[in-house]
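Remarks on the overall topology
Residue strings, one per chain:
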Amino acid sequence: MTTQRTLLENGSIIDGLGNPPVKGSVLFDASGILQVGMIDETTLADTTLQRIDATGKSIMPGMIDAHCHITFDEPHSNDELFFHRRPGLAAIIAGYNARKVLQAGVTGFLDADCIFDLGVDLRDAIEANVIEGPRMSTGGYVMLTGVGGTAGRLLPDTGTRGYGVVVGSRDEIVAEVRRQIKYGVDWIKVHVTGIIPRQAEAGEIQVWSLEELRLVVDTAHQLGIPVVGHCRNATSTRDAARAGFDLILHATYMNDESLDALVKHGTPIVPSLTFQANLADHGELVNAAPELRAIFRREIEESAVMLRRAWDAGVPLLCGSESGFALTPYGEWHYRELQLFVEEFGLSPLEAIRCGTSEAARALKMYGKTGAVKTGMQADLLVIDGDPLADIRILGDKRRLAHIFVGGRAVSREPPRPRAAIGGWRVGQFAERALTWDMAHGHD
Ligand SMILES: [Zn+2]
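Just so we're clear, the structure is a prediction, and the values are computed from it rather than from any experiment.

Considering unusual backbone geometry
At N10, a residue that is not glycine, the phi angle is positive and equals roughly 65 degrees. Checked against the element boundaries, N10 lands in strand β1 (residues 4–13). You can call N10 partly exposed: it has 16 C-beta atoms within 10 Å. One non-glycine residue, D73, lies in positive phi territory at about 55 degrees. On the secondary structure map, D73 appears in the loop between β6 (63–65) and α1 (78–83). Exposure remark for D73: the 26 C-beta atoms within 10 Å place this residue in the buried category.

Here's what the structure looks like:
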């Protein structure tokens, strides 16, 4: 039996490892990338070969989104996400949305916390070709202390809600980590920071002790499973790194101590600035509050300096877009994190592409296996009409995505059919503000 091979001919190859582009061709099949550069034509006999002319185009690894919430379905609020979703439909719609992500040139993503613990089932369905989607690495419920996470009082005192599970004691921490691993998660996720009413500091505060974080890590690592943390203040990033976390999301508001801990432990980080940047830059299009826009702009600017220092100190930076919310809908903004790495951290487009491909493969637990155009790697590839090194923003223009391959297989480009509204799924708004007598009578 002959194997189907594909040859992308005569393109500009961006390898995803940060090397300067080279002109050449890429030969691959379902097993992986077979040759890169000058292809030995004599090796092409006796195979079914599909030739694709990539003259004037760029060949690069598929983007990997290290922070994507595939089951949230673009909620407008936590209220909608926690109280207006149903498990069966959420799973089906997640499959629909996975196609949009893939058709945006994202060939892999990490979803560290899914509503209704759907991640394992969705990943298995993708791997079994039941639905078409990017490679997926998944967590289960994010673990929260009784203080809660970022959703405050919307979270219960015990049990599960939305994407989270509350663990109230050391015994519950150990039991929950083991339960999630038993059912097949790739990652354990912890909300290391959250919010409380009347807190002394602005932003988020650390809601786990260092000892509790160590307990999570020790229990998970003993079973060979890595741990990822949501950390949006200085101490949480420091303590998560010290506790042995394998990946940190956000790592915003760092200080020197946090940075030292990251460098010492070599902990990779996923800054995830796209959500904030979308609100800050385009918030007026969706009626976001102007004060919120200023807060998010400040978070980006204040954090950018330390995140850049982290990069200079050798900390791996991964691109993750936090897609899945109304401000970051599926298939629209995944590339934007690469653009922000260029604009906010001053990375070159070549470096940003590395962060969004070979480095981001760490989130898939496939570092050195995908995310690079190199012999022996998985054939997760894009052919781009144009040069993203000249303008990184073209990665967001789906008309320029000439070809997408996952595991050597061409991705269907037929977009999912447009959806109609589903009763009770979205939270409707009566009005943006209260209707007073004065307003109705022209006195406001
Ligand atoms: Zn997130």
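A word on the pairing of β1
The buried fraction of β1 is high, at seven of 10 residues. Judged from the six bridges that link them, β1 and strand β4 (residues 48–53) form a sheet pairing that is parallel. What sits directly across from L7, in β4, is R51. With six bridges connecting them, β1 and strand β2 (residues 22–29) associate as antiparallel partners. Bridged to T6 within β2 is F28. Pairing analysis gives two bridges linking β1 to strand β5 (residues 58–61), with the strands arranged parallel. Each residue of the ladder has a partner; that of I13, found in β5, is I59.

Quick word on the environment of P197
Structurally, P197 is set in the loop between β13 (193–194) and β14 (205–206). In this structure, the C-alpha to C-alpha distance between P197 and I269, residues 72 residues apart in sequence, is 28 Å.

Let's talk about the environment of V106
Take V106: it is sitting in strand β7 (residues 106–111). Sequence-wise, V106 and L382 are 276 residues apart; in three dimensions their C-alpha atoms are separated by 9.1 Å. Here V106 is in contact with G62, M63, D65, V101, P134 and H334, once residues within four sequence places are set aside.

Topic: helix α6 (residues 234–243)
Across the 10 residues of α6, eight count as buried, placing the element largely inside the fold. Buried within α6 we find A234, S236, T237, R238, D239, A240, A241 and A243. Where α6 terminates, the next one or two residues include G244, which has phi positive at roughly 100 degrees.

Observations regarding helix α8 (residues 274–282)
Residues spaced three or four apart along an α-helix point in a common direction, a consequence of the helix completing one turn every 3.6 residues. Within α8, seven of the nine residues are buried, leaving the element largely enclosed by the surrounding structure. Among the residues of α8, those classed as buried are T274, F275, Q276, A277, N278, L279 and A280. Contacts made by the buried residues of α8 are with α9 (290–312) and α10 (336–345).

Some thoughts on the packing of α8 against α9
One way to put it is that α8 packs onto α9 with a least axis distance of 8 Å and a crossing angle of 135 degrees. Viewed along their axes, α8 and α9 adopt a mutual orientation that is oblique. Between α8 and α9 lies a crossing whose hand is left-handed. Contacts between α8 and α9 involve Q276, A277, L279 and A280 from the former and L292, R293, F296, R297, E299 and I300 from the latter. The residue makeup of the contact of α8 with α9, split by class, is six nonpolar, one polar and three charged.

Re the packing of helix α4 (residues 170–182) against helix α5 (residues 210–222)
Two elements in contact, α4 and α5, have axes whose closest approach is 9 Å; the angle formed by their N-to-C orientations is 30 degrees. Considering the relative orientation of α4 and α5, their crossing is right-handed. Contacts between α4 and α5 involve R170, I173, V174, V177, R178 and I181 from the former and E212, L215, V216, T219 and A220 from the latter. Split by residue class, the contact of α4 with α5 holds seven nonpolar, one polar and three charged.

Regarding the pairing of β7
Most of β7 is tucked away, with six of its six residues classed as buried. Taken together, the three bridges between β6 and β7 define a ladder with parallel strand orientation. Bridge pairing in β7 places I64 opposite G108. Inspection of the sheet shows β7 paired to strand β8 (residues 135–138) by four bridges, in the parallel sense. Within β8, the residue paired with D111 across the bridge is T138. Crossover handedness for the path β7 to helix α3 (residues 119–127) to β8: right-handed.

Cut-offs and rules
Residues numbered from 1 in each chain as written. Predicted model: local features only at pLDDT ≥ 70, side-chain atom pairs only at ≥ 80, totals over all residues. Helix = DSSP H or I, 4+ residues; strand = E, 2+ residues; numbered from the N terminus. Buried ≥ 20, exposed ≤ 12 C-beta atoms within 10 Å, placed from the backbone. Pairing = 2+ DSSP bridges. Contact = placed C-beta atoms within 7 Å. Axes fitted to C-alpha atoms, helices over the stretch in contact; angles between N-to-C directions. Parallel < 35°, antiparallel > 145°, perpendicular 65-115°, else oblique. Left-handed = near helix turned anticlockwise from the far one by under 90°. Nonpolar A, V, L, I, M, F, W, Y, C, P; charged D, E, K, R; others polar. Right-handed = clockwise from strand over helix to strand, strands pointing away.

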